[in-house]
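Structural characterization, general
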Amino acid sequence: MSLALVWFRRDLRLADNPALEAARKAHDRVLPVYVYAPDEEAPWQPGAASRWWLHHSLAALDAALRKHDAVLHVRRGDTLGTLRALVAETGADAVYWNRLYEPAPVARDARIKQALRTDGVDAKSFDAALLFEPWELATGNGSPYKVFTPFWRAARARLEVRPPSAAPRKLDVAKARRGERIESLGLLPEIRWDKGFHRAWEPGEAGAQKALRRFVDDAIADYPQRRDFPGGAGTSRLSPRLHFGEISPMQIAWAIDEASRASRSAKRREGSEAYLRELGWREFSHYLLYHFPASADSNLNPKFDAFPWAGRSPAQIERWQRGDTGFPIVDAGLRELWTTGWMHNRVRMLVASFLTKNLRQHWLEGARWFWDTLVDADLANNTQGWQWTAGTGADAAPYFRIFNPVTQGERFDPDGDYVRRWVPELKAFAGKSIHQPWSDPRRLRNVRYPQPMVDVHATREAALAAYKACK
Ligand code: FAD
């Protein structure tokens, strides 16, 4: 009787899971395993919000496995040692897993594959997290793309949307000595700051499928028009699900393609294409991080190594983190993040621009805060999101494009509903006026809300001067 360990990592699903599928096909029995080894991802080991999600997603996977009379076998500690011990204990012939693309896991996984193969174990990895693996696309001269548009043109032309495979109906599982309880991994916070997370999310594969259905049924046709407005439910909120692999990009691509074929509506088709392009940005971020692994910690554009940042200001950074800057849309975003572990993309860009351009704090200050507070914290997307906004990235927003938080608020939150939800002390300000409460000093005197912490015009000029100095 042959046995394969299926080493789950950020592929916490049973459907469309190539490692699980291959293990079932090639072996009589499987043992689903999760090894918690955060230090192996240092310096980007999961932050607090990610750990919260991970706890619940592991619990959901375990519950799904229990329907097959299986459990998720959880262990902690050095992964190679743990897998070797499990192989010895169970007599497994093989270890299968799905690939990750960030620098630390890439190096660790290569070491593990080689060591297991030297032991005589069949170690195999599979492609499950992306539409294209980073080595599959290159420019005409063989170098990696650095600009999104030609990257996506090439990727889109090659993309074959295929039906994803269903979850296995039957799993023949092996027994092993009892592992750890998920609770004992200590992923949940001791101080319970996570109430808002519970209200906002249902982690796990079933929750991911529900979120996908909701988006495809209710929102995809209007996605191009509504995706930039943080006050509504115009986007899919699938980002934490994609990060933890509760859903695969191919499952999403297939669902939106199927729905747009079935409806024959041009609007739906446009919505699907626009959405696929956003998945394309995710592909591009992973691609860039894979080819430029140093970019998680340093500027992708080396010209910015000479940029005169303002010098670390703990007081300013703290006001920004707490959503206490005096700019309503910036504060709304940072408070949404603290309460729910998520922030709308438009607002991510605004708060990142404010930190890196108006306060001229290094983009890594913001990237690290997001890393700890986002439930979708993803090294590739976070790095590229910050480098894009700061202007230090490959295909980035030009540095001189500095978002004005007032006009952006007026444009993308025209009724002020988003700000009113997250900065309720400003609810008496009607409509657009909420975006510059200082214009109504009498009303502002009656509420506890700060004056703007900086002059956006003067700080904009200072940022442009700093940019000229390093150009
Ligand atoms: P949708 O609009 O429904 O998009 C669908 C999916 O496409 C997303 O789930 C995501 O996987 C992908 N996607 C969308 N926009 C982008 C983008 N600009 N770059 C890469 N992928 C994208 N995304 C993360 O998943 N994790 C992060 O840590 C992260 N940090 C960011 C930091 C900054 C400063 C910025 C500007 C953006 C960041 N993003 C990050 C990208 C983007 O903001 C989120 O993916 C998006 O807001 C998630 O919401 P959604 O699932 O509703 O998006």
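Coordinates for the structure precede this section.
What you are looking at is a predicted structure, and each value in this text was computed from that prediction instead of being measured. (Residues numbered from 1 in each chain as written. Predicted model: local features only at pLDDT ≥ 70, side-chain atom pairs only at ≥ 80, totals over all residues. Heavy atoms only, no water.)

Turning to the overall build of the protein chain, a few remarks are in order. For the protein chain, the helix and strand inventory stands at 20 helices and five strands. The globule rule puts the C-alpha radius of gyration for 471 residues at 23 Å, and the 23 Å found for the protein chain is close to it. Relative to all contacts within the protein chain whose residues are 6 or more apart in sequence, the contacts with residues 24 or more apart total 79%. Surface summary for the protein chain: the accessible area is close to 20,300 Å², and the carbon and sulfur share equals 51%. Charge centroids of the protein chain, computed over 69 positive and 57 negative side chains, lie 3 Å from each other. (Helix = DSSP H or I, 4+ residues; strand = E, 2+ residues; numbered from the N terminus. Rg over C-alpha atoms; globule rule 2.2 N^0.38 Å. Contact = heavy atoms within 4.5 Å. Areas by Shrake-Rupley, 256 points an atom, 1.4 Å probe, with all protein chains shown as cover. Lys, Arg positive; Asp, Glu negative; His and termini not counted. Charge placed at Lys NZ, Arg CZ, Asp CG, Glu CD.)

Side-chain direction in a regular strand flips from residue to residue, so the side chains alternate between the two faces of the sheet. Judged by how many residues are buried, strand β1 (residues 3–8) sits mostly within the fold: six of six residues are covered. Burial of the side chains of β1 extends over both faces: Leu3, Leu5 and Trp7 are buried on one face and Ala4, Val6 and Phe8 on the other. With six bridges connecting them, β1 and strand β2 (residues 29–36) associate as parallel partners. Bridge assignment links Ala4 to a residue of β2, and that residue is Val30. (Buried < 20%, exposed > 50% of the residue type's maximum accessible area, 1.4 Å probe, protein only. Pairing = 2+ DSSP bridges.)

Surrounding the ligand, one finds 29 residues, the nearest of these being Tyr223, Thr235, Ser236, Arg237 and Asn345. Thr235 is positioned with one of its side-chain polar atoms (N or O) 2.7 Å from an oxygen atom of the ligand. Surface burial for the ligand is 95%, taken as the share of its 830 Å² of free accessible area covered by protein chains. Elements with a minimum of two residues in the shell around the ligand: α9 (239–243), α11 (266–291), α14 (345–358) and α16 (379–390). Top element by residues in the shell around the ligand is α11. It accounts for six residues. Among the residues making up the shell around the ligand, the classes are represented as 14 nonpolar, nine polar and six charged. (Near = heavy atom within 4 Å. Polar contact = N/O pair within 3.5 Å; in protein donor to acceptor, adjacent residues only side chain to side chain. Nonpolar A, V, L, I, M, F, W, Y, C, P; charged D, E, K, R; others polar.)

The full count for this structure, using the stated rule, is 32 salt bridges. Between Asp122 and Lys124 there is a salt bridge, and its shortest N-O distance comes to 3.4 Å. One connected set of salt bridges, linked through shared partners, spans Arg9, Glu40, Arg108 and Asp109. (Salt bridge = Lys/Arg side-chain N within 4 Å of Asp/Glu carboxyl O.)

The subject of this paragraph is the packing of aromatic side chains. To describe a pair of aromatic rings, you give the distance between the ring centres and the angle between the ring planes. Under the criterion given, the structure shown has 35 aromatic pairs. With 5.3 Å between their ring centres and 65° between their planes, Trp193 and Phe197 make a pair best called edge-to-face. Note on Trp193: relative accessible area 27%, which makes it partly exposed. Its relative accessible area of 2% is what places Phe197 among the buried residues. Three or more aromatic residues joined by ring pairs form one cluster here, namely Tyr145, Phe148, Phe151, Trp152, Trp281, Phe284 and Tyr287. Directly above the ring of Phe412 sits Arg346, whose terminal nitrogen or CZ lies 4.1 Å from the centroid. (Phe/Tyr/Trp six-rings, centres within 6.5 Å; stacked < 30°, edge-to-face > 60°. Lys NZ or Arg CZ within 6 Å of the ring centre and 35° of its normal.)

Here α14 contains 14 residues, and its C-alpha end-to-end distance of 19 Å stays within 8% of the 20 Å for a straight helix at 1.5 Å per residue. With 13 of its 14 residues buried, α14 lies for the most part within the structure. Positive phi shows up at Arg360, right after α14, with a value of about 50°. (Expected span 1.5 Å × (residues − 1).)

Our focus in this paragraph is the sheet that holds strand β4 (residues 94–98). Reading across from one edge, β3-β2-β1-β4-β5 is the order of the five strands in this open sheet, with parallel pairing throughout. Every interior strand has two partners, whereas the edge strands, β3 (73–76) and β5 (122–126), have only one. On average, each strand axis in the sheet is inclined to that of its neighbour by 25°, with strand direction left out of account. With five bridges connecting them, β4 and β5 associate as parallel partners. For Tyr96, the partnering residue across the bridge sits in β5 and is Lys124. (Axes fitted to C-alpha atoms, helices over the stretch in contact; angles between N-to-C directions.)

Counting residues in each nonpolar core, the largest one holds 52 residues, and the members touching the most others are Trp320 and Phe370. Of all elements in the fold, only α13 (328–340), α14, α15 (363–373), α16, α18 (417–422) and α20 (456–470) reach the threshold of two or more residues within this core. What Trp320 contacts, discounting residues up to four positions off in sequence, is Thr325, Val330, Leu334, Val351, Phe354, Leu355, Leu359, Gly366, Trp369, Phe370 and Trp386. If you look at the next biggest cluster of nonpolar residues, it comprises 35 residues, including Leu20, Trp53, Leu54 and Leu65. (Core = buried A, V, L, I, M, F, W, Y, C linked by side-chain atoms within 4.5 Å.)

Bringing the environment of Val71 into the picture now. Tracing the backbone through its elements, the reader meets Val71 in the loop between α2 (48–66) and β3. In this structure the C-alpha to C-alpha distance between Val71 and Ala115, which are 44 residues apart in sequence, comes to 27 Å. If we skip the residues at most four places from it in the chain, Val71 touches Pro32, Asp62, Leu65 and Arg66.

Right, let's talk about the side chain of Arg335 for a bit. In this structure, Arg335 sits in helix α13. Judged by its relative accessible area of 17%, Arg335 falls in the buried class. Not counting chain neighbours up to four residues away, the residues in contact with Arg335 comprise Arg322, Gly323, Trp422, Val423, Glu425 and Tyr449.

The next subject is the pairing of β2. With seven of eight residues buried, β2 lies mostly within the body of the structure. Considered for its hand, the β-α-β crossover made up of β1, helix α1 (residues 18–26) and β2 is right-handed. Judged from the four bridges that link them, β2 and β3 form a sheet pairing that is parallel. Within β3, the residue paired with Val33 across the bridge is His73. Crossover handedness for the path β2 to α2 to β3: right-handed. (Right-handed = clockwise from strand over helix to strand, strands pointing away.)

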